[in-house]
Amino acid sequence: MKNIGLSYDDILLIPNYSEIKSRLNVDLTSRLTQNINFKLPFISANMDTITEYRMAKKLDEYGALGIIHRFCSIEKECKIIEKLKKEGVKKRAASIGVSGENQQRLKALVKAGANIICIDVAHGHHKLMSDTLQYCQNYDIEVIAGNIATQKAAEFLCENGADCLKVGIGPGSMCTTRINTGFGVPQITALEEIIKVTKKCGLPVIADGGIKNSGDVAKALAVGADSVMIGSLFAGTKETPGMIHKEGNFPNYKLYKRYRGSASLDSKLERGSEKRNVEGISTTVDYKGPVKYVIQNLEDGLRSAFSYGGACSIDEFHDNVSYIKLFSKEVQS
Ligand code: XMP
């Protein structure tokens, strides 16, 4: 591990010679796993204020992906998957954890029609993860495993049968892991470390957490990620679960929705969990209207980035784009 860690705000991408006549000529198709591609490399976070049926359905229409969260009953998660299957969604992604009733959840989800399973834990370099990966081998599914932030963890997941690695320990906007535990790896460095391993084993990588704009998506892809997972940018849109709240009266009113960390006190209390090991916060975000506007902005920004990078495809972007490090005053002094 390098002893200087870089995150999105610590770098900028360097422009390249380009022959791209129209940004529409850029092909953003990427790999989710070695067997599954998607047209737009955006994944909505498997959080209970981000992805249920409506978000997954809408993202599928755009060629992106929504992963259903696991913070609900097995029945509810299965019903969402069944509904996605009935309207013809082909990539049906659901989440499980690594303990409790998770074998039961996995079995029920596969029966309901899930064909992509995300093993979703805060610390994926763990014995319980390898046990879970092992029993996933009994099913005909593609398995996303995470989260991780080191080369050793990537080797561990590759050796134990993962089909895609999810990277991010602490970069999320709702995350307090770094504050509560002192652990974490800045996201650009975490991705670079893991990509050293995946270049050899061929597994795709999802950069999860901390994406604030399309520039961050471009930076994640430039260092080798195949796609990004997004929570806060999608928070507050029409397709997220939860009510739209109104504050104030006409004409001075504000509409908002809730966004909360999966390990926040708010979320834990609602699930009936203990009020302990809180590693996330909750907040309100302005209501943003349909998610299509967020997707279009991200896509437009990314197409523009490919033009600056002189790249027509994700592979070319991976190969051709490099970055320059920025040092803040704090680092220099
Ligand atoms: P953004 O920055 O897009 O990040 O809002 C979404 C990602 O944050 C992670 N996540 C959490 N991390 N405590 C954490 O340490 C939490 O309570 C929490 N909730 C979500 C998760 O990886 C998600 O995709």
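Up top is the structure these notes are about.
Residues numbered from 1 in each chain as written. Predicted model: local features only at pLDDT ≥ 70, side-chain atom pairs only at ≥ 80, totals over all residues. Heavy atoms only, no water.

Glancing now at the overall build of the protein chain. The helix and strand tally for the protein chain stands at twelve helices and 15 strands. The globule rule puts the C-alpha radius of gyration for 333 residues at 20 Å, and the 19 Å found for the protein chain is close to it. The principal-axis extents of the C-alpha atoms in the protein chain amount to approximately 60 × 55 × 45 Å. The 333 residues of the protein chain split such that 52% are buried. In the protein chain, the share of contacts with a sequence separation of at least 24, taken over all contacts with a separation of at least 6, comes to 66%. Approximately 16,000 Å² of the protein chain is accessible, and the part contributed by carbon and sulfur atoms is 49%. (Helix = DSSP H or I, 4+ residues; strand = E, 2+ residues; numbered from the N terminus. Rg over C-alpha atoms; globule rule 2.2 N^0.38 Å. Buried < 20%, exposed > 50% of the residue type's maximum accessible area, 1.4 Å probe, protein only. Contact = heavy atoms within 4.5 Å. Areas by Shrake-Rupley, 256 points an atom, 1.4 Å probe, with all protein chains shown as cover.)

What follows concerns the packing of aromatic side chains. When we look at a pair of aromatic rings, we describe it by the centre distance and by the angle of the planes. One pass over the full model with this rule turns up two aromatic pairs. For the ring pair F250 and Y253, a centre distance of 6.4 Å and an interplane angle of 35° mean the geometry is tilted. In this structure F250 comes out as exposed when scored by relative accessible area, which is 70%. Taking the relative accessible area as the measure of exposure, Y253 reaches 39% and is therefore partly exposed. (Phe/Tyr/Trp six-rings, centres within 6.5 Å; stacked < 30°, edge-to-face > 60°.)

Next up on the list: the site of the ligand. Near the ligand, the surroundings consist of 21 residues, among which S173, C175, D208, Y259 and E279 are the closest. Between the ligand and S232, the relevant distance is 3.0 Å, taken from an oxygen atom to a main-chain nitrogen or oxygen of the residue. One nitrogen or oxygen atom from the side chain of Y259 is found 2.6 Å from an oxygen atom belonging to the ligand. Surface burial for the ligand is 89%, taken as the share of its 520 Å² of free accessible area covered by protein chains. Broken down by class, the residue content of the shell around the ligand amounts to seven nonpolar, twelve polar and two charged. (Near = heavy atom within 4 Å. Polar contact = N/O pair within 3.5 Å; in protein donor to acceptor, adjacent residues only side chain to side chain. Nonpolar A, V, L, I, M, F, W, Y, C, P; charged D, E, K, R; others polar.)

On to the sheet that holds strand β10 (residues 205–208). Taken together, eight strands build a closed barrel; the order of strands is β4-β5-β6-β7-β8-β9-β10-β11 and the barrel is parallel. The average angle at which neighbouring strand axes cross in this sheet is 25°, direction not considered. Of the pairings in the sheet, the one linking strand β4 (residues 42–44) to strand β11 (residues 227–230) comprises three bridges and is parallel in character. Directly across from F42, in β11, lies its bridge partner V228. Strands β6 (93–96) and β7 (116–120) of the sheet are contacted by helix α3 (residues 102–112), whose axis makes an angle of about 165° with β6. In the packing of helix α4 (residues 127–136) onto the sheet, contacts are made with β6, β7 and β8 (142–148), and the angle to β8 comes to roughly 175°. (Pairing = 2+ DSSP bridges. Axes fitted to C-alpha atoms, helices over the stretch in contact; angles between N-to-C directions.)

Interaxial distance between helix α5 (residues 151–159) and helix α7 (residues 187–201) falls to 7 Å at its minimum, and their mutual angle equals 30°. Classed by the angle they form, the pair α5 and α7 counts as roughly parallel. Crossing of α5 against α7: the hand is right-handed. Taking contact as the criterion, the partners of Q151, A154, E155 and C158 in α5 are, on α7, E193, I194, K196, V197 and C201. Here the residues of the contact of α5 with α7 sort into five nonpolar, one polar and three charged. (Parallel < 35°, antiparallel > 145°, perpendicular 65-115°, else oblique. Left-handed = near helix turned anticlockwise from the far one by under 90°.)

Counted under the stated rule, the structure contains 18 salt bridges. Where R31 meets D226, a salt bridge forms, and the shortest distance between an N and an O atom there is 3.8 Å. Linking R31 in strand β2 (residues 30–31) with D226 in the loop between α8 (214–222) and β11, this pair joins segments that are 195 residues apart in sequence. Classification of D226 as buried rests on a relative accessible area of 6%. Residue R260 is joined to E270 by a salt bridge in which the shortest nitrogen-to-oxygen separation is 3.0 Å. (Salt bridge = Lys/Arg side-chain N within 4 Å of Asp/Glu carboxyl O.)

So, on to the side chain of T176. Within the secondary structure, T176 sits in the loop between β9 (164–167) and α6 (177–181). Relative accessible area serves as the criterion here: at 13%, T176 is assigned to the buried category.

Considering the arrangement of structural elements, one finds F234 in the loop between β11 and β12 (245–247). Its relative accessible area of 0% is what places F234 among the buried residues. Sequence separation between F234 and K292 is 58 residues; the distance between their C-alpha atoms is 9.7 Å. With sequence-adjacent residues up to four places away left out, F234 is seen in contact with I43, S44, I50, M55, L59, T240, K288, V291, V294, I295 and L298.

Here we take up the side chain of D216. Position of D216 among the secondary structure elements: in helix α8. For D216, a relative accessible area of 1% corresponds to the buried category. If near-sequence neighbours (up to four positions away) are discounted, D216 is found in contact with Y8, G210 and I211.

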